[in-house]
Amino acid sequence: MLNESQVEAGKDIQQRTGKTFYFATRLLPERVRHATYVLYAFFRVADEVVDAERTAPPATQRERLERLRAEALGETETDDPVLSAFAELRERYGIDPDDVNVFIDAMESDIEKDRYETYEELETYMDGSASAVGRMMTAVMRPDDPEAALPHATALGQAFQMSNFLRDVGEDVVERDRVYLPRTTLDRHGVDTEQILALEFDERVADVMRDELRRTESLYRDGVAGIEYLPADCQFPVLLSAVLYADHHRSIRKLGYDTLTTTPELGFGRKLALLAKTAAYWAVWRDPVAVFKAVSVVPYPDDEELDAEFGPGSTPAGRSRRSGRVSGWLRSLSRWGSD
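Residues numbered from 1 in each chain as written. Predicted model: local features only at pLDDT ≥ 70, side-chain atom pairs only at ≥ 80, totals over all residues. Heavy atoms only, no water.

Looking at the overall build of the protein
Okay, step 1: Of regular secondary structure, the protein possesses 19 helices and 0 strands.
Okay, step 2: Burial statistics for the protein: of 339 residues in total, 55% are counted as buried.
Okay, step 3: Of the contacts made within the protein by residues no fewer than 6 positions apart, 70% connect residues no fewer than 24 positions apart.
Okay, step 4: As presented, the protein carries roughly 15,100 Å² of accessible surface, and 49% of it is formed by carbon and sulfur atoms. (Helix = DSSP H or I, 4+ residues; strand = E, 2+ residues; numbered from the N terminus. Buried < 20%, exposed > 50% of the residue type's maximum accessible area, 1.4 Å probe, protein only. Contact = heavy atoms within 4.5 Å. Areas by Shrake-Rupley, 256 points an atom, 1.4 Å probe, with all protein chains shown as cover.)

This is how it looks when you write it as structure tokens:
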């Protein structure tokens, strides 16, 4: 049983370093919320080992991560409250040791690897750094049909991380000398890595961002389609997380796709507006895909096709505008939270 100090330690770390995720985490039922604080704290502890590259040599970082691995898997004793809490959690919820291993492997790859030739190569990295996180979260939620839920959790984890990568292109260059945009996408639009490292934005870079945003939005559509497999009391918080993370795409487009010189942020007012809007649609439909279509900035290709074939209002978003069941105050909220 997690004690109060373990939960509070994890909560404090998430509150300081993962504000968007923390915003949605607070809506999870207590049985999942407390476990999520511990999971996030573990992820951050590992990530901070890698981010200490300016103060610790690679060999020291690898040694620390291997020690974290052994402690997280319960192979060695630990006096770190975060690691002891995670080891207890892993055992209680049956978190797959393979997911712990692939997560630590991804963190280790960050020590020396800072470029990705193809999206497939980046996807392999994200399987550990993001998808494994989604799978661990799914284990804690304990869905009735984990096999149905896990592929979608994998996609949603990748979508969240890709949104972060696309939001933080310039920040990753300046602070970590890393470029997460695949080399093949850069080449397709005539952009070389040196241009990204020099923070030189132009229309070709905008085209790269458009391509990767479209790819990421496909991951959102796949991920959200599996929210229905989660326990009923977990569906809305996970849906809200998807809406919030995807909203970075609105900010990116508003900047003309230039996240080399600016890092967009999701303001607290915008988060509140999206919470209220998502909750209102959820109260009507209780359908994750329909609500995500209506609230998020992620396009669904079939929407235009359905509206063309059957007329405006054929899609869920269109139906909401016609039905009057979700009142006009939502539009006011959207305007209020648009900055």
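Read on for the rest.
Considering helix α4 (residues 58–72)
Okay, step 1: The end-to-end C-alpha distance of α4 is 21 Å, a good match for the 21 Å that 15 residues give at a rise of 1.5 Å each.
Okay, step 2: Along α4, the residues classified as buried are Q61, L65, L68, R69, A70, E71 and A72.
Okay, step 3: The first or second residue beyond α4 is G74, which carries a positive phi of 75 degrees. (Expected span 1.5 Å × (residues − 1).)

Some points on the environment of S109
Okay, step 1: Locating S109 in the fold gives a position in helix α6 (residues 97–112).
Okay, step 2: Separated by 47 residues in sequence, S109 and R62 place their C-alpha atoms 9.5 Å apart.
Okay, step 3: S109 has contacts with Y116 and Y125, leaving out every residue within four places of it along the chain.

Some thoughts on the packing of α4 against helix α5 (residues 81–93)
Okay, step 1: Where α4 contacts α5, the axes come no closer than 8 Å and their chain directions differ by 45 degrees. When the axis of α4 is compared with that of α5, the two are oblique. Between α4, through L68, E71 and A72, and α5, the contact on the second element is made entirely by L83, F86, A87 and R90. (Axes fitted to C-alpha atoms, helices over the stretch in contact; angles between N-to-C directions. Parallel < 35°, antiparallel > 145°, perpendicular 65-115°, else oblique.)

Here we look at the packing of α4 against α6
Okay, step 1: It is at 10 Å that the axes of α4 and α6 come closest, and there the two elements cross at 170 degrees. It follows from the interaxial angle that α4 and α6 lie roughly antiparallel. Where α4 abuts α6, its residues P58, Q61, R62, L65, E66, R69 and A72 lie against V100, N101, I104, D105, M107, E108, I111 and E112.

Quick notes on the packing of aromatic side chains
Okay, step 1: Taken as a whole and judged by the stated rule, the model has 14 aromatic pairs.
Okay, step 2: A ring pair is formed by Y220 and F292, whose centres lie 6.2 Å apart and whose planes are at 25 degrees; its orientation type is stacked. One end of the pair, Y220, is in helix α12 (residues 203–224); the other, F292, is in helix α16 (residues 288–295), with 72 residues separating them in the sequence.
Okay, step 3: Measuring from centroid to centroid gives 6.5 Å for F292 and Y300, while their planes differ by 75 degrees, and the two rings are edge-to-face. As far as burial versus exposure is concerned, F292 and Y300 are alike and both buried.
Okay, step 4: Linked through ring pairs, F160, Y220, Y245, F292 and Y300 together constitute an aromatic cluster.
Okay, step 5: Sitting above the plane of the Y116 ring, K113 keeps its charged end 4.9 Å from the centroid. (Phe/Tyr/Trp six-rings, centres within 6.5 Å; stacked < 30°, edge-to-face > 60°. Lys NZ or Arg CZ within 6 Å of the ring centre and 35° of its normal.)

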